[in-house]
Amino acid sequence: LYTCLLKGPKLFARAASIPKLRESHAVLATLLREDLSPKRLAVSIAHEPALLLAPADKLRAQFEWLQRETGLGADEVTKMLRDEPSLLVTAPESIELRLEWLRSRLGVEKDGRLARILRLAPLVLKLSRSKTLEPRLACLRELGVTEELLGAIVVRTPRLLHTPLNSIQT
């Protein structure tokens, strides 16, 4: 509770609106499949209180938008969100930039390749292109990976996009 209130002091203001908080919680429980792991939902809310503060209809709309933009099915989006629930409150414009980067820089389209990256490394939709994503690709290039193979390497091992640079270099 302390972590949640520390990160989301607006919860105090919303406390007067318990029905809205309950509605948001119910939607989160459905979208993140609380029945599979109630503790995981509690941890997600504690570390990202904005999830509980978001209106229920906005959460549903973001879930549906993610489905359309990524080409993933509902179950796949749920799995992705269980690993990175903050995507439900991330600005769509920000996610669109990362999806466009995956398409243009790595040649990954809405098919099994994009699905694999998002299933195994959903954090890629939140990372900085200039501070995190591009430096990892530059590191791979320094290790001898050709430009043409970058997309294939990332699809094969998506977590390379957020692995610490010193781990990639060794």
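To keep things clear, this report deals only with the structure shown in the data block. Not measured: the values here are computed from a predicted model. The residue count restarts for each chain, going from 1 along the sequence in the order it is written. Local features in this predicted model are restricted to residues whose pLDDT is 70 or higher, and side-chain atom pairs enter the listing and the counts only when it is 80 or higher, whereas totals over whole chains, interfaces and linings include all residues. Heavy atoms throughout the structure, all of them, feed into the side-chain values; hydrogens and water do not.

### Points about the pattern of salt bridges
Any two side chains of opposite charge can pair, on the condition that their charged atoms come close. By convention in these notes, a salt bridge is any Lys or Arg side-chain nitrogen within 4 Å of a carboxyl oxygen on Asp or Glu. One pass over the full model with this rule turns up six salt bridges. The shortest N-O distance in the salt bridge between Arg33 and Asp35 comes to 3.0 Å. A 1.4 Å probe rolled over the protein chains alone gives each residue an accessible area, and that area as a share of the maximum for its type sets the label: buried under 20%, exposed over 50%, partly exposed in between. Owing to a relative accessible area of 33%, Arg33 belongs among the partly exposed residues under this scheme. Taking relative accessible area as the criterion, Asp35 reaches 57% and is therefore assigned exposed. When the shortest N-O distance is used, the salt bridge between Glu76 and Arg119 registers 3.0 Å. One end of the pair, Glu76, is in helix H7 (residues 74-83); the other, Arg119, is in helix H9 (residues 112-120), with 43 residues separating them in the sequence. By relative accessible area, which is 25% here, Glu76 ends up partly exposed. If you follow the salt bridges from partner to partner, you end up with Arg105, Glu134, Arg141 and Glu147 in one network. We count a stretch as a helix when DSSP gives it H or I for four or more residues in a row; a strand needs E for two or more, and each element gets its number in order from the N terminus.

### What about the packing of helix H10 (residues 129-142) against helix H11 (residues 147-156)?
The axes of two packed helices give the description: the angle between them and the distance between them. Helix axes are fitted to C-alpha atoms over the stretch in contact, other axes to C-alpha atoms as well, and angles between N-to-C directions run from 0 to 180 degrees. Remark: H10 packs on H11, axes separated minimally by 10 Å, with the N-to-C direction vectors making an angle of 120°. In the crossing of H10 with H11, the sense of the turn from one axis to the other is right-handed. Two secondary-structure elements touch here, H10 through Leu137, Leu140 and Arg141 and H11 through Glu147, Leu150, Ile153 and Val154. Of the residues contributing to the contact of H10 with H11, the split by class is five nonpolar, no polar and two charged. Whether a crossing is left-handed or right-handed is set by the direction in which the near helix is turned from the far one by less than a right angle, anticlockwise for left-handed and clockwise for right-handed. Two residues form a contact once any of their heavy atoms are found within 4.5 Å. Throughout, the ten residues Ala, Val, Leu, Ile, Met, Phe, Trp, Tyr, Cys and Pro are labelled nonpolar, Asp, Glu, Lys and Arg are labelled charged, and all others, Gly among them, are labelled polar.

### Describing the side chain of Ser86
Tracing the backbone shows Ser86 in the loop between H7 and helix H8 (92-106). In contact with Ser86, other than residues within four places in its own chain, are Glu48 and Lys126.

### Re the environment of Glu76
On a C-alpha basis, the gap between Glu76 and Pro38 in space is 19 Å, while along the polypeptide they are 38 residues apart. Setting aside residues no more than four positions away along its own chain, Glu76 makes contact with Ala115 and Arg119. A polar atom in the side chain of Glu76 sits 3.1 Å from the backbone nitrogen of Gly73. Contacts described as polar in this section are N or O atom pairs within 3.5 Å, which, within protein, must combine one atom able to donate a hydrogen with one able to accept it, while residues neighboring in sequence count only if both atoms come from side chains.

### Topic: the nonpolar core
Within the largest apolar cluster, 46 residues are counted, with the highest numbers of intra-cluster contacts made by Leu28, Leu88 and Leu102. Non-local contacts of Leu28, meaning those with residues more than four positions away in its chain, are made with Arg33, Leu41, Ile45, Leu51, Leu52, Leu59 and Leu88. Buried Ala, Val, Leu, Ile, Met, Phe, Trp, Tyr and Cys residues that are joined via side-chain atoms within 4.5 Å together make up what is termed a nonpolar core.

### Observations regarding the packing of H9 against H11
Between H9 and H11, the least distance of the axes is 8 Å, while the angle of their chain directions is 50°. Put simply, H9 runs oblique to H11. Mapping the contact onto sequence places Arg113, Arg116 and Ile117 in H9 and Gly151, Ala152, Val154, Val155 and Arg156 in H11. Partitioning the contact of H9 with H11 into residue classes produces four nonpolar, one polar and three charged. An angle counts as roughly parallel when it lies under 35 degrees, as roughly antiparallel when it exceeds 145, as roughly perpendicular when it falls between 65 and 115, and as oblique in every other case.

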